[in-house]
Amino acid sequence: MAFDIEHIRQDFPILSRKIYEKYPLVYLDNGATTQKPLCVLDAMRNEYVNVNANVHRGVHYLSQQATDLHEGARETVRNFINAASTNEIIFTRGTTESINLLASSFVEAYMKEGDEVIISTMEHHSNIVPWQLQAKRHGIVIKVIPISDDGILDIEAYKALFTEKTKLVSVTHVSNVLGTVNPVKDIVRIAHEHGVKCAIDGAQSAPHMKIDVQYIGCDFYAFSGHKMYGPTGIGVLYGKENLLDAMPPYQGGGDMIGTVSFENTTYAALPYKFEAGTPDYIATHGLAKAIEYMMGLGLENIEAHERELTRYALEQMQTIDGIRIFGPKESEKRDAVISFLVGDIHHLDMGTLLDRLGIAVRTGHHCAEPLMQRLGVNGTVRASLALYNTKEEIDSLVSGIKRVSQMF
């Protein structure tokens, strides 16, 4: 499939909507969730209409078909991130649940009171709060990697955080506020040199670039379907098989058991040990279709298109008087996220007035309050890009910001 932007946009009918029955939609809130192509919606509807049956448990025809689609989706995900085995692919409700699962089960298996986990200043709350919960429950210690004023991780400070009690590093691949692309392969290598495991939050990277967990070398990797053109309520936790094997289940119930008696219960083999209850097998099929859509366009083509959009956006936005753009100054060091403020205009006012022009952006702390404190602001406006965005939409954004600025 050629990367024909006009043809691609036809796959997303919502992009042709008029906002307030007046302005064409300029959707720049992709870091929060992406729109869904028709092939994903059609596949999910078709399964509900023609194949709907619970997976794994049934001997009948529909159950077998649904199971094949569900497990086929697991193989699609495995191939997408180049995991060694489908046993390493755990379906969850999203990145948040993936990290909560990891925090709960990893701490129980591998950590004790006083042991340390390293995170960074730029983490989303989903990679902060689960560790704080474990700190309260089990007495683990959280250490934080500082960042520069330009939003770059301080690698030398990171190296200095390790002690004999450090058991895990858990950092984001791409900041959902700054767009900073962290050097995760180096981060993993440094952790492993200290005998420490490393987890990567890939929520903001999986939609935008090729992910190879074996090349990165990470022990765990988490991402969400809805940020990569798939349905909501589905996500993935990748983990190395030997580590997952030693970790206890996160939840108990059906489908994650080997045998159950009132005296003792044994657990199912991977990956089912971590998938209690009926999975969202319609959503896993939708996620697989979204991945196939992205791979059909070519991940390298998506990355090139979005990098050019990001470069163009940074260039054009710097023509706005009084604008302050957060994160790396060079487009090569950031992904398709641009957070900004203009003069003394409150981020909520800017976002509200851009909305009246049909431009959808995000405002607030973006679930990264510690980062906002480091930046010395209460919140920002965030424009986040996707494969279907255009330079014309960037022009609309820049024109809209200038128009709002004139009002103040």
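Below or above, wherever it landed, is the structure these notes cover. Keep in mind that this is a model prediction, so the values were computed, not measured.

What counts and how
Residues numbered from 1 in each chain as written. Predicted model: local features only at pLDDT ≥ 70, side-chain atom pairs only at ≥ 80, totals over all residues. Heavy atoms only, no water. Helix = DSSP H or I, 4+ residues; strand = E, 2+ residues; numbered from the N terminus. Contact = heavy atoms within 4.5 Å. Expected span 1.5 Å × (residues − 1). Buried < 20%, exposed > 50% of the residue type's maximum accessible area, 1.4 Å probe, protein only. Axes fitted to C-alpha atoms, helices over the stretch in contact; angles between N-to-C directions. Parallel < 35°, antiparallel > 145°, perpendicular 65-115°, else oblique. Left-handed = near helix turned anticlockwise from the far one by under 90°. Nonpolar A, V, L, I, M, F, W, Y, C, P; charged D, E, K, R; others polar. Pairing = 2+ DSSP bridges. Phe/Tyr/Trp six-rings, centres within 6.5 Å; stacked < 30°, edge-to-face > 60°. Lys NZ or Arg CZ within 6 Å of the ring centre and 35° of its normal.

### Things to note about the environment of glutamine 134
Line of reasoning, step 1. With respect to the element layout, glutamine 134 can be found in helix H5 (residues 129-138).
Line of reasoning, step 2. Separated by 31 residues in sequence, glutamine 134 and alanine 103 place their C-alpha atoms 7.1 Å apart.
Line of reasoning, step 3. For glutamine 134, the contacting residues outside a window of four places in its chain are Ala103, Ser104, Val107, Gly139 and Ile140.

### Here's the deal with helix H4 (residues 95-110)
Line of reasoning, step 1. Look at H4: 21 Å from first C-alpha to last across 16 residues, which is about the 22 Å you get at 1.5 Å a residue.
Line of reasoning, step 2. Within H4, burial applies to Thr95, Glu97, Ser98, Ile99, Leu101, Leu102, Ala103, Ser104, Ser105, Phe106 and Val107.
Line of reasoning, step 3. Its buried side turned inward, H4 meets strand S4 (89-92), H5, strand S7 (166-172), strand S8 (197-201), strand S9 (220-224) and strand S10 (235-239).

### Section: the packing of helix H11 (residues 299-317) against helix H14 (residues 391-407)
Line of reasoning, step 1. Relative to each other, H11 and H14 sit at 25 degrees, their axes nearing to 10 Å. One element, H11, and the other, H14, form an angle in the roughly parallel class. Relative to H14, the crossing made by H11 is right-handed. Contacts between H11 and H14 involve Glu308, Leu309, Arg311, Tyr312, Ala313, Gln316 and Met317 from the first element and Lys391, Ile394, Asp395, Leu397, Val398 and Ile401 from the second.
Line of reasoning, step 2. Here the residues of the contact of H11 with H14 sort into eight nonpolar, one polar and four charged.

### Remarks on the pairing of S10
Line of reasoning, step 1. Along S10, five of the five residues are buried, which leaves the element largely enclosed by surrounding structure.
Line of reasoning, step 2. Burial of the side chains of S10 extends over both faces: Gly235, Leu237 and Gly239 are buried on one face and Val236 and Tyr238 on the other.
Line of reasoning, step 3. Two elements, S4 and S10, share four bridges in a ladder whose sense is antiparallel. In the strand pairing of S10, phenylalanine 91 is matched with valine 236.
Line of reasoning, step 4. Both S9 and S10 contribute to a ladder of five bridges, which runs antiparallel. Across the sheet, residue alanine 222 finds its bridge partner in S10, namely leucine 237.

### Description of the pairing of strand S17 (residues 380-384)
Line of reasoning, step 1. Buried residues dominate S17, accounting for five of its five residues.
Line of reasoning, step 2. Residues Thr380, Arg382 and Ser384 line one face of S17 and the alternating positions Val381 and Ala383 line the opposite face, and both faces are buried.
Line of reasoning, step 3. Note that strand S14 (residues 337-342) and S17 share four bridges and pair antiparallel. Note that in S17 the partner of serine 339 across the bridge is arginine 382.
Line of reasoning, step 4. As judged from the three bridges shared by strand S16 (residues 362-364) and S17, these two strands associate in the antiparallel manner. When the sheet's bridge partners are listed, arginine 362 is paired in S17 with arginine 382.

### Some thoughts on the packing of aromatic side chains
Line of reasoning, step 1. Inspection of the entire model under this criterion finds nine aromatic pairs.
Line of reasoning, step 2. Note on phenylalanine 12 and tyrosine 293: the rings are 5.8 Å apart at their centroids and 80 degrees apart in plane angle, and the pair reads as edge-to-face. One end of the pair, phenylalanine 12, is in the loop between helix H1 (5-10) and strand S1 (18-19); the other, tyrosine 293, is in helix H10 (residues 281-297), with 281 residues separating them in the sequence.
Line of reasoning, step 3. Taken together through their ring pairs, the aromatic side chains of Phe12, Tyr229, Tyr293 and Tyr388 make up a single cluster.
Line of reasoning, step 4. The ring centre of tyrosine 215 lies 4.2 Å from the NZ or CZ of lysine 185, which sits over that ring.
Line of reasoning, step 5. Lysine 391 extends its terminal NZ or CZ atom over the ring of tyrosine 312, reaching a point 5.1 Å from the ring centre.

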